[in-house]
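An overview of the molecular structure
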Amino acid sequence: MKTIEVDEELYRYIASHTQHIGESASDILRRMLKFSAGQPLPKGAATPPAMAKTAAPAEVQSRPQDRVRAVRELLLSDEYAEQKKAVNRFMLILSTLYTLDPKAFATGTESLLGRTRVYFAGNQQTLVQNGTHTKPQHIPGTPYWVITNTNTGRKRSMIEHIMQSMQFPAELIDKVCGTL
């Protein structure tokens, strides 16, 4: 992967073409450009010299204010508003947080353990083995599973912990947790 910087306007344009939570910028651009993985470059296309010299990692990285905006947009979205159950809102929030920064999300979930339970894992079996009646669900667009038979207060606590770990502003964390 390579990292590229894009201006705010272009970032919003790419993000506005998201078809589902968890879709990466690469997937959006491939769809928009009708360019599939492994497909050779069009005839005459070459790597521009300026880009060839700056081989930095490449997902479209979002700045902190972009991440805050993305979470606020989720809270205002029709998809979020249509969710009648806290567990469904919980899953949408987790998907969005992962999409915004997979590494920081991983750090936040690794340090989140219950007294007798594991809350997040890379597979369903780990969660089933570390608790009874855990009702694990796959978090869409991520490699993670999460237990879902916790009360809403525990779900809020989990979201709060992850968002703090990801260094979101306290007022946004409170707002997100208040919607569960």
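For the structure, check the block above.
Reference entry: report on the structure contained in this document. What you see is a predicted model, and the numbers here were worked out from it, not measured in a lab.

Under the definition given, this model contains 4 aromatic pairs. Taking the centre distance of 6.2 Å and the plane angle of 85° together, the rings of Phe 105 and Phe 120 count as edge-to-face. On the criterion of sequence distance, the pair formed by Phe 105 in helix H7 (residues 102–110) and Phe 120 in strand E1 (residues 120–121) is long-range, its members being 15 residues apart. Given the relative accessible area of 8%, Phe 120 is considered buried. Among the aromatic side chains, those forming a connected cluster through ring pairs are Tyr 98, Phe 105, Phe 120 and Tyr 144. When the ring centre of Phe 168 is taken as reference, the NZ or CZ atom of Arg 67 above it lies at 4.5 Å.

Take the packing of helix H6 (residues 86–100) against helix H9 (residues 152–165) next. Contact geometry of H6 with H9 gives a least axis separation of 11 Å together with a crossing angle of 10°. One element, H6, and the other, H9, form an angle in the roughly parallel class. For the pair H6 and H9, contact is made by Ala 86, Val 87, Phe 90, Ile 93, Leu 94 and Leu 97 and by Thr 152, Lys 155, Met 158, Ile 159, Ile 162 and Met 163, respectively. Across the contact of H6 with H9, the residue classes break down as 10 nonpolar, 1 polar and 1 charged.

Attention now goes to the environment of Thr 134. You can see Thr 134 is positioned in the loop between helix H8 (124–129) and strand E2 (136–138). Note on Thr 134: relative accessible area 2%, which makes it buried. Sequence separation of Thr 134 and Thr 150 is 16 residues, and the distance between their C-alpha atoms is 7.9 Å. Here Thr 134 is in contact with Arg 117, Leu 127, Val 128, Ile 147, Thr 148 and Asn 149, once residues within four sequence places are set aside.

Every buried residue of helix H1 (residues 8–16) is accounted for by Glu 8, Tyr 11 and Ile 14. Angularly, the buried residues of H1 cover 125° about the axis, an arc narrow enough to put them on a single face. Of the residues in H1, the exposed ones pointing more than 90 degrees away from the buried face are Glu 9 and Ser 16.

Next up on the list: the pattern of salt bridges. Under the defined criterion, the tally for this structure stands at 2 salt bridges. Residues Asp 66 and Arg 69 are paired through a salt bridge, measuring 3.6 Å at the closest nitrogen-oxygen approach. Of the two residues, Asp 66 and Arg 69 both sit in helix H4 (residues 64–76), 3 residues apart, roughly one turn of that helix. For the salt bridge of Asp 101 with Arg 67, the shortest nitrogen-to-oxygen distance reads 3.8 Å. Of the two residues, Asp 101 is situated in the loop between H6 and H7 and Arg 67 in helix H4; the sequence distance between them amounts to 34 residues. Note on Arg 67: relative accessible area 9%, which makes it buried.

Looking now at the packing of H7 against H9. Where H7 meets H9, the closest approach of the two axes is 8 Å, and the angle between their N-to-C directions is 130°. Relative to H9, H7 is oriented oblique. As for the relative orientation of H7 and H9, their crossing is right-handed in sense. Side by side, H7 and H9 meet where Ala 104, Phe 105, Thr 107, Gly 108 and Thr 109 of the first sit next to His 161, Ile 162 and Ser 165 of the second. Looking at the contact of H7 with H9, its residues break down into 3 nonpolar, 5 polar and no charged.

Conventions used here
- Residues numbered from 1 in each chain as written.
- Predicted model: local features only at pLDDT ≥ 70, side-chain atom pairs only at ≥ 80, totals over all residues.
- Heavy atoms only, no water.
- Phe/Tyr/Trp six-rings, centres within 6.5 Å; stacked < 30°, edge-to-face > 60°.
- Helix = DSSP H or I, 4+ residues; strand = E, 2+ residues; numbered from the N terminus.
- Buried < 20%, exposed > 50% of the residue type's maximum accessible area, 1.4 Å probe, protein only.
- Lys NZ or Arg CZ within 6 Å of the ring centre and 35° of its normal.
- Axes fitted to C-alpha atoms, helices over the stretch in contact; angles between N-to-C directions.
- Parallel < 35°, antiparallel > 145°, perpendicular 65-115°, else oblique.
- Contact = heavy atoms within 4.5 Å.
- Nonpolar A, V, L, I, M, F, W, Y, C, P; charged D, E, K, R; others polar.
- Arc of directions from axis to C-beta.
- Salt bridge = Lys/Arg side-chain N within 4 Å of Asp/Glu carboxyl O.
- Left-handed = near helix turned anticlockwise from the far one by under 90°.

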